[in-house]
Amino acid sequence: FQLGLSLDSWESLKKYLLEKGYTEGELLEAGLLIEAENGRTHDRFRGRLMFPIRDDRGRTIGFGARALDDSLPKYLNSPQTPVFDKSGNLYGMDLAAKAIRQQDMAIIVEGYIDAITAHQNGITNAVACMGIAITEKQIIRLKKLSKNMILALDADTAGEEAMLRGVTYENTLDAEVRVVVLPEGKDPDDVIKEDIKIWQQLVKNALPIVDYTFNMITSGLDLTTPKDKSYTVDKLIPIVAEIKDQVRLAHYSQKL
């Protein structure tokens, strides 16, 4: 994964690359420098753990950078550049593509560490969405390798994704998307490190994303009361109405 470190210095990378013959303009365009209000430039990444982000052919196109102290933001990414489109790339895609094809399944995790831990433990069909909402561009890229997708995101993110875009993913893929239900307060990295067998079981029991949404919306409600029935219908009708597959639309209309 080629992890590295950016020095805790304002201009060490800038000086190094200028000596190599690059111009300040090129370094700004590549997202490696930032221009301050006074017109001076300095290194974007300073004193951070560096995660190179590579394209499908293994060429570095951008970076994710984690703070090593309490400074914010905790994670800093390369900006949009001529070679790096965060909304269209997935972390680890160059390493996972072959396994996704062979296993006919992609597992989408949230962060760099989740993806690295997965690969270190033999789960080589995992890619990370780098902490952003999963995009249609990413789904279309994965669809070329497999239509079977499992979301293994932190519980709050998974819920949000399921509510907002779950059915859209399925309509794009023309296939069912499933969600791994993680134990409270744990992310994939924690579960995989603790017990790989528990992780495998969670993947096996992954829920279809619409069922996951149903469970999420109705948990804690009393569906014998008119108030909670009405709330459930208001929340779920827009989601069910988006389903394009007629068989699944009928199934979830019946369920609702």
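It should be noted that the structure appears before, not after, this text.
What you see is a predicted model, and the numbers here were worked out from it, not measured in a lab.

Colleague: Looking at this structure, I do not really get the overall build of the protein. What am I missing?
Modeller: A count of helices and strands for the protein gives eleven helices and eleven strands. Counting the 256 residues in the protein, one finds 44% classified as buried. When the accessible surface of the protein is split by element, carbon and sulfur atoms take 52% of a total near 13,700 Å². Each charge class in the protein was averaged separately, 32 positive and 38 negative side chains, and the resulting centres sit 4 Å apart.

Colleague: I tried to follow the nonpolar core on my own but got confused; where do I start?
Modeller: Soluble, globular proteins show a tendency: their nonpolar side chains are buried together. Core analysis: the largest hydrophobic core is formed by 34 residues, its most contacted members being Ile108, Val127, Ile134, Leu142, Leu151 and Ile209. Of all elements in the fold, only α3 (93–103), β7 (106–109), α5 (136–143), β9 (149–152), α6 (155–173), β10 (177–179), α9 (209–218) and α10 (226–241) reach the threshold of two or more residues within this core. Counting 26 residues, the second-largest nonpolar core is a separate cluster that includes Ile61, Phe84, Ala115 and Val191.

Colleague: Any chance you could explain the packing of aromatic side chains here in plain terms?
Modeller: The geometry of two aromatic rings is summed up by the distance between their centres and the angle between their planes. Tallying each qualifying case throughout the model produces seven aromatic pairs. Taking the centre distance of 6.1 Å and the plane angle of 65 degrees together, the rings of Phe45 and Phe63 count as edge-to-face. Of the two residues, Phe45 is situated in the loop between β3 (41–43) and β4 (48–54) and Phe63 in strand β5 (residues 60–67); the sequence distance between them amounts to 18 residues. Overall, Phe45 belongs to the buried group, its relative accessible area being 6%. Residue Phe63 is classed as partly exposed on the basis of its relative accessible area of 23%. On the basis of an interplanar angle of 40 degrees and a centroid distance of 5.8 Å, the ring pair of Tyr75 and Tyr112 is categorised as tilted. Of the two residues, Tyr75 is situated in strand β6 (residues 75–77) and Tyr112 in helix α4 (residues 112–120); the sequence distance between them amounts to 37 residues. The class of Tyr75 is partly exposed, set by a relative accessible area of 32%. Note on Tyr112: relative accessible area 3%, which makes it buried. By way of ring pairs, the aromatic residues Phe1, Phe51, Tyr75, Tyr91 and Tyr112 are connected into one cluster. Between Arg46 and the ring centre of Trp10, over which it is positioned, the NZ or CZ distance is 3.8 Å.

Rules behind the numbers
- Residues numbered from 1 in each chain as written.
- Predicted model: local features only at pLDDT ≥ 70, side-chain atom pairs only at ≥ 80, totals over all residues.
- Heavy atoms only, no water.
- Helix = DSSP H or I, 4+ residues; strand = E, 2+ residues; numbered from the N terminus.
- Buried < 20%, exposed > 50% of the residue type's maximum accessible area, 1.4 Å probe, protein only.
- Areas by Shrake-Rupley, 256 points an atom, 1.4 Å probe, with all protein chains shown as cover.
- Lys, Arg positive; Asp, Glu negative; His and termini not counted.
- Charge placed at Lys NZ, Arg CZ, Asp CG, Glu CD.
- Core = buried A, V, L, I, M, F, W, Y, C linked by side-chain atoms within 4.5 Å.
- Phe/Tyr/Trp six-rings, centres within 6.5 Å; stacked < 30°, edge-to-face > 60°.
- Lys NZ or Arg CZ within 6 Å of the ring centre and 35° of its normal.

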